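# Notes for the structure review
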Amino acid sequence: MARYKLPLLKDFKTKGDDKSSALIILKNNRGMQVALTNYGARIVSMIVPDKTGSSVDVVLGFNNILDYLHADELYHGATIGRYANRISNGTFELGGIPYKIEPNNGPNALHGGKNGFHTKIWDRRINNPNQVTFYYTSPDGEEGFPGTLTVSVDYLLTDENELQINYRANSDKDTIINLTNHAYFNLDGEGSGSIVDHVVEIAAETFLPINEVQIPLGELRPVSDSAFDFRKPKRISSGISRDDEQIQKGGGGYDHTFVLNEANKDGKKVAASAFSEKSGIMLEVLTTEPGIQFYTGNALTGKDKGKSGNHYAKQHAFCFETQHFPDAPNQAQFPSPLLKAKQPFRSQTIYRFHVQK
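Residues numbered from 1 in each chain as written. Predicted model: local features only at pLDDT ≥ 70, side-chain atom pairs only at ≥ 80, totals over all residues. Heavy atoms only, no water.

### Notes on the environment of Gly302
One can find Gly302 in the loop between β25 (291-295) and β26 (319-323). Separated by 230 residues in sequence, Gly302 and Asp72 have C-alpha atoms that sit 8.9 Å apart. The residues touching Gly302, leaving out its near neighbours within four places in the chain, are His311, Tyr312 and Ala313. (Helix = DSSP H or I, 4+ residues; strand = E, 2+ residues; numbered from the N terminus. Contact = heavy atoms within 4.5 Å.)

### Overview of the side chain of Asn28
With respect to the element layout, Asn28 can be found in the loop between β3 (23-27) and β4 (33-37). One polar contact links the side chain of Asn28 to the main-chain amide nitrogen of Arg30, over a distance of 2.9 Å. Among the polar contacts listed, one links the side chain of Asn28 to the backbone oxygen of Thr158, at a separation of 2.8 Å. When residues no more than four places from it in sequence are discounted, the contact partners of Asn28 are Leu157, Thr158, Asp159 and Asn161. (Polar contact = N/O pair within 3.5 Å; in protein donor to acceptor, adjacent residues only side chain to side chain.)

### Here's the deal with unusual backbone geometry
Cis geometry is found at the peptide bond from Gly81 to Arg82, where omega equals 5°. Topologically, Arg82 is positioned in the loop between β7 (79-80) and β8 (86-87). We note that Lys342 has phi near 65°; this positive angle belongs to a residue other than glycine. You can see Lys342 is positioned in the loop between β27 (338-339) and β28 (345-355).

### Some points on the pairing of strand β13 (residues 131-138)
Taking burial as the measure, the eight residues of β13 include six buried ones, the bulk of the element. Where strand β12 (residues 123-128) and β13 come together, five bridges link them in antiparallel fashion. Among the inter-strand pairings, Asp123 is bridged to a residue of β13, identified as Tyr135. Taken together, the eight bridges between β13 and strand β14 (residues 149-157) define a ladder with antiparallel strand orientation. Across the sheet, Phe134 pairs through a bridge with Val153, a residue of β14. (Buried < 20%, exposed > 50% of the residue type's maximum accessible area, 1.4 Å probe, protein only. Pairing = 2+ DSSP bridges.)

### Section: the sheet that holds strand β18 (residues 199-202)
The nine strands lie next to each other as β12-β13-β14-β15-β28-β24-β23-β18-β21, forming an open sheet whose pairing is antiparallel. On the outer flanks of this sheet lie β12 and β21 (234-235), each paired with one strand and no other. Pairing between strand β23 (residues 272-275) and strand β24 (residues 281-287): four bridges, direction antiparallel. Directly across from Phe275, in β24, lies its bridge partner Met282.

### Considering the nonpolar core
Formed by 60 residues in total, the largest nonpolar core has its most connected members in Met46, Ile202, Phe320 and Phe353. Ranked by residue count, the leading element in this core is β14, at five residues. Counting residues in each nonpolar core, the second largest holds 14 residues, with Leu94, Leu208, Val259 and Phe325 among its members. (Core = buried A, V, L, I, M, F, W, Y, C linked by side-chain atoms within 4.5 Å.)

### Describing the sheet that holds β26
Strand order in the open sheet made by the five strands is β20-β19-β22-β25-β26, with antiparallel pairing throughout. Of all strands in the sheet, those bounded by a partner on one side alone are β20 (221-222) and β26.

### Here we look at the packing of aromatic side chains
This structure, assessed with the given rule, holds 25 aromatic pairs. Where Phe12 meets Tyr68, the ring centres are 6.1 Å apart and the plane angle is 55°; that geometry is what we call tilted. Residue Phe12 is found in the segment before β1 (15-16), and its partner Tyr68 is found in helix α1 (residues 65-69); the two are separated by 56 residues along the sequence. Aromatic pair Phe325 and Phe334: ring centres 5.2 Å apart, planes at 80°, arrangement edge-to-face. One exposure class covers both Phe325 and Phe334, and it is buried. Counting every residue linked through ring pairs, the aromatic cluster contains Phe185, Phe207, Phe228, Phe230, Tyr254, Phe258, Phe294, Phe318, Phe320, Tyr351 and Phe353. In this arrangement the basic side chain of Lys234 is found over the ring face of Phe230, its NZ or CZ atom lying 4.7 Å from the centre. (Phe/Tyr/Trp six-rings, centres within 6.5 Å; stacked < 30°, edge-to-face > 60°. Lys NZ or Arg CZ within 6 Å of the ring centre and 35° of its normal.)

### Here's the deal with the environment of Asn161
Relative to the helices and strands, Asn161 is located in the loop between β14 and β15 (162-171). Using a relative accessible area of 4% as the deciding quantity, one classes Asn161 as buried. Sequence-wise, Asn161 and Tyr351 are 190 residues apart; in three dimensions their C-alpha atoms are separated by 8.4 Å. Ignoring any residue separated from it by four or fewer positions in sequence, one finds Asn161 in contact with Asn28, Arg30, Met32, Pro49, Tyr351, Arg352 and Phe353.

### A few points about the pairing of β3
Sheet topology places β3 next to β4; five bridges connect them, and they run antiparallel. Looking across to β4, one finds that Lys27 is bridged to Gln33. The turn linking β3 back onto β4 is made up of five residues, and Gly31 within it adopts a positive phi angle of 90°.

What follows is the structure, given as structure tokens:
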């Protein structure tokens, strides 16, 4: 398993948008450490103990800011907005007014557009040794979205080995919002290779099937008797290897939204989990969001060399992206991503770690 060396603070200093990027390291009393940077309000590393007591970095990423700026994969660990996931043709209407986000993923707008939140240097406030808050103001019309949107993302590392992520936002006009974190996880350690032997469980009776350009078809399809049934723990490989047209449309793996059961979107019950028998590390996800995008890193190309010096190739990581549904601004049957003017937006996701021997 990959072992972790802390990146150097100086290697995360650069300037852009008249602001400076930096590295912030949170620690708890049980040996867990989380490194973050205000470039994209992103997670750089998450160091957790494995079943032998050794420290393992379970998040893909880089040791310096320049590698993030020039990475083949743009979203490593980043806060995604204004709208996570895809919007069909980059268009939607709000109050009868059409809006256009320039497509950056085939015909679709992905993750807030080319210059989404992942490209911004956020302001920051370090609250205490285990907490940091990032702030950003997105001006009216940025990337085509209406309204001046003020956003904060608060990361709190608890002594229960939980990283709590609290999102808050307000807009001066009606707008749409869908925020998530795009951490790539490998519970064997970043740079350790394939994750298809990880065991996954997702509390979802249905998922969103997609078309050839990965836009939801509009239906909630039952997971039963399919490659998408994670209601009981199973290896990723047992589903990803099946001859399933949806697996192929996901890029040869999972890149689909699972519709969380009502009881598992209250932020208090586990919505999804992943486990590595090799390391003994289990990740549990709790969220207040209605869905979770389970993504198996199908578009990782191997071009990026990570912190351990190893290249990140296809299915060398997975993501649990808690969020509203893709293309929800165009599909009225989905939970609404509308944020009314001067009404507060709140969302929470928790990544919780423990060891099973």
